[in-house]
Amino acid sequence: QVQLVESGGGLVQPGGSLRVSCTASGNIFRFNSMAWYRQAPGKERELVAEMIIGSYANYADSVKGRFTISRDNLKNTLYLQMNSLKPEDTAVYYCNRVPATWNWGPGTQVTVSS
């Protein structure tokens, strides 16, 4: 089973920026469509950004124009650059493949607050 580990979360003010990272066991990112998911308190986990093989990216309407998904195949790392952050972006952020069939990692907490 693939092991996923997210990092880079933290506290940021509204309008600020943050980049979270995801590493996985094995060289798998270039052979799988990858995505970032998030789960806010009291809500279901939702897909926020995905990168399909071929580097085509899709975004949820709520983050479109603010978030950018990318990957470094050499480092086997997936990134999510988050700009113009809003309080409603507060959530635990997770990475996984599309569809999400691997075990979930611990996630990384992103808190947007003044």
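Every value quoted in this text rests on a predicted model; they were computed, and no experiment measured them.

In this section: the state of the cysteines. Working definition: the covalent bond between the sulfur atoms of two cysteines is a disulfide. All told, the structure shown has one disulfide when counted by the stated rule. The partner cysteine of Cys22 in its disulfide is Cys95, sulfur to sulfur 1.8 Å. In this structure the cystine formed by Cys22 and Cys95 twists about its S-S bond by roughly 55°; its chirality is therefore right-handed. Within this pair, whereas Cys22 is found in strand β3 (residues 18-24), its partner Cys95 is found in strand β9 (residues 91-97), the two being separated by 73 residues in sequence. By relative accessible area, which is 0% here, Cys95 ends up buried.

The sheet built from four strands is open, its strands ordered β1-β3-β8-β7 with antiparallel pairing. Across the chains shown, the open sheet's two edge strands, defined by having one partner strand only, are β1 (4-7) and β7 (67-72). Strand-to-strand twist in this sheet, taken as the mean axis angle between neighbours without regard to direction, amounts to 20°. One ladder, built from six bridges, connects β7 with strand β8 (residues 77-82); its direction is antiparallel. Looking at the pairing, Phe67 lines up with Met82 of β8.

Moving on, we come to the sheet that holds strand β2 (residues 10-12). Strand order in the open sheet formed by six strands is β2-β10-β9-β4-β5-β6, and the pairing between neighbours is mixed. At either end of the open sheet lies a strand with only one pairing partner, and these are β2 and β6 (56-59). Taken over all neighbouring pairs, the strand axes of this sheet differ in orientation by 20° on average, direction set aside. Strand direction decides the pairing type here: strand β5 (residues 46-52) and β6, joined by four bridges, are antiparallel. Across the sheet, residue Met51 finds its bridge partner in β6, namely Ala57.

Parameters at a glance
- Residues numbered from 1 in each chain as written.
- Predicted model: local features only at pLDDT ≥ 70, side-chain atom pairs only at ≥ 80, totals over all residues.
- Heavy atoms only, no water.
- Disulfide = S-S within 2.5 Å.
- Helix = DSSP H or I, 4+ residues; strand = E, 2+ residues; numbered from the N terminus.
- Buried < 20%, exposed > 50% of the residue type's maximum accessible area, 1.4 Å probe, protein only.
- Pairing = 2+ DSSP bridges.
- Axes fitted to C-alpha atoms, helices over the stretch in contact; angles between N-to-C directions.

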